[in-house]
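The primary structure of each chain is shown beneath.
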Amino acid sequence: MKTIFSQIIDREIPSSIVYEDDLVIAFLDITQATPGHTLVVTKVPYQNIFEVPEETLKHLFAVVQKLSKAIFKAFDAKGLNLLNNNMPEAGQTVFHYHVHIIPRYEKEEVTFKLTNHMSTLNSDAYKKRAAMIIAALS
Ligand code: 5GP
């Protein structure tokens, strides 16, 4: 079963495409969380960041930067969020790798609420968590 984004890539369903090359495509997110909200999508339907080859990811992020600059300028934005949800627990709904570019404006309401747990953690807890990541890198 093709993903909805593969159907867009293959022109089986309509979309507002703003950029395309051999590896990636970018089109307006249908919801337009803010004016100019754009998705940058791999042409190959990798499900999430864990599957995307490094070279493709490097290229995709170069395109993300180029489009971010264009969107920021075109919409006279005041800020900009990048968002990439991986897996349902993280809010992913379309299982085809993509990065959201979300330009932000004064008084615009978009909520990304990150809870601050600082008051419940001591220095050992930070050390332990950092050590877990460092160990997993090797
Ligand atoms: P996720 O929740 O996986 O991070 O993001 C998926 C995004 O795809 C959502 O923001 C949703 O609005 C967008 N989307 C889903 N279906 C379509 C569609 O048919 N066309 C376009 N342009 N965007 C879509």
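We now turn to the structure provided with this report. (Residues numbered from 1 in each chain as written. Predicted model: local features only at pLDDT ≥ 70, side-chain atom pairs only at ≥ 80, totals over all residues. Heavy atoms only, no water.)

## Observations regarding the site of the ligand
- Surveying the vicinity of the ligand reveals 16 residues, the closest of which are Leu28, Asp29, Asn85, Thr93 and His100.
- With respect to the ligand, the backbone of Ile30 contributes an N or O atom lying 3.3 Å from a nitrogen atom.
- At 3.0 Å from an oxygen atom of the ligand is found a side-chain nitrogen or oxygen belonging to His98.
- The protein chains hide 83% of the 530 Å² of surface that the ligand would expose on its own.
- For the shell around the ligand, the secondary structure elements donating two or more residues are α1 (4-9), β2 (24-28) and β5 (98-104).
- Tallying contributions element by element places α1 first for the shell around the ligand, with three residues.
- For the shell around the ligand, the residue count by class is eight nonpolar, seven polar and one charged. (Near = heavy atom within 4 Å. Polar contact = N/O pair within 3.5 Å; in protein donor to acceptor, adjacent residues only side chain to side chain. Areas by Shrake-Rupley, 256 points an atom, 1.4 Å probe, with all protein chains shown as cover. Helix = DSSP H or I, 4+ residues; strand = E, 2+ residues; numbered from the N terminus. Nonpolar A, V, L, I, M, F, W, Y, C, P; charged D, E, K, R; others polar.)

## Some thoughts on the packing of aromatic side chains
- The tally for this structure, following the rule as stated, stands at one aromatic pair.
- Judged by centre distance (5.4 Å) and plane angle (70°), the ring pair of Phe5 and Phe27 falls under edge-to-face. Taken together, the residues Phe5 in helix α1 and Phe27 in strand β2 connect sequence positions 22 residues apart.
- Looking at Phe27, the relative accessible area reads 2%, which means it is buried. (Phe/Tyr/Trp six-rings, centres within 6.5 Å; stacked < 30°, edge-to-face > 60°. Buried < 20%, exposed > 50% of the residue type's maximum accessible area, 1.4 Å probe, protein only.)

## As for the side chain of Asp21
- Following the sequence through the fold, Asp21 ends up in the loop between β1 (17-20) and β2.
- Here Asp21 occupies a buried position and makes no salt bridge, while the nearest side chain of opposite charge, Lys43, is found at 5.8 Å.
- A polar contact of 2.6 Å, which involves the side chain of Asp21, links it to the side chain of His59.
- Setting aside anything within four residues of it in sequence, one finds Asp21 in contact with Lys43, His59 and Val63. (Lys, Arg positive; Asp, Glu negative; His and termini not counted. Salt bridge = Lys/Arg side-chain N within 4 Å of Asp/Glu carboxyl O. Contact = heavy atoms within 4.5 Å.)

## Concerning the nonpolar core
- The biggest cluster of nonpolar side chains holds 13 residues, and the ones touching the most others in it are Val40, Leu60, Val64, Leu67, Tyr97 and Ile101.
- Mapped onto this core, the elements with two or more residues apiece are β2, α2 (54-74) and β5.
- Here the element with the most residues in this core is α2; it accounts for five residues.
- For Leu67, the residues in contact, after removing those within four places along its chain, are Val18, Tyr19, Ala26, Val40 and Ile101.
- With eight residues, the next largest nonpolar core counts Phe5, Ile9, Val41 and Val94 among its residues. (Core = buried A, V, L, I, M, F, W, Y, C linked by side-chain atoms within 4.5 Å.)

## Regarding the pattern of salt bridges
- The tally for this structure, following the rule as stated, stands at seven salt bridges.
- Across the pair Glu20 and Lys43 runs a salt bridge, and its minimum N-O distance is 2.9 Å. Pair noted here: Glu20 is in strand β1 and Lys43 is in the loop between β3 (38-42) and α2, with a separation of 23 residues, a long-range link.
- On the accessibility criterion, Lys43 (23% relative accessible area) is partly exposed.
- Measuring nitrogen to oxygen at the nearest pair gives 3.5 Å for the salt bridge that ties Lys78 to Asp76.
- For Lys78, a relative accessible area of 49% translates into the label partly exposed.
- Classification of Asp76 as exposed rests on a relative accessible area of 53%.

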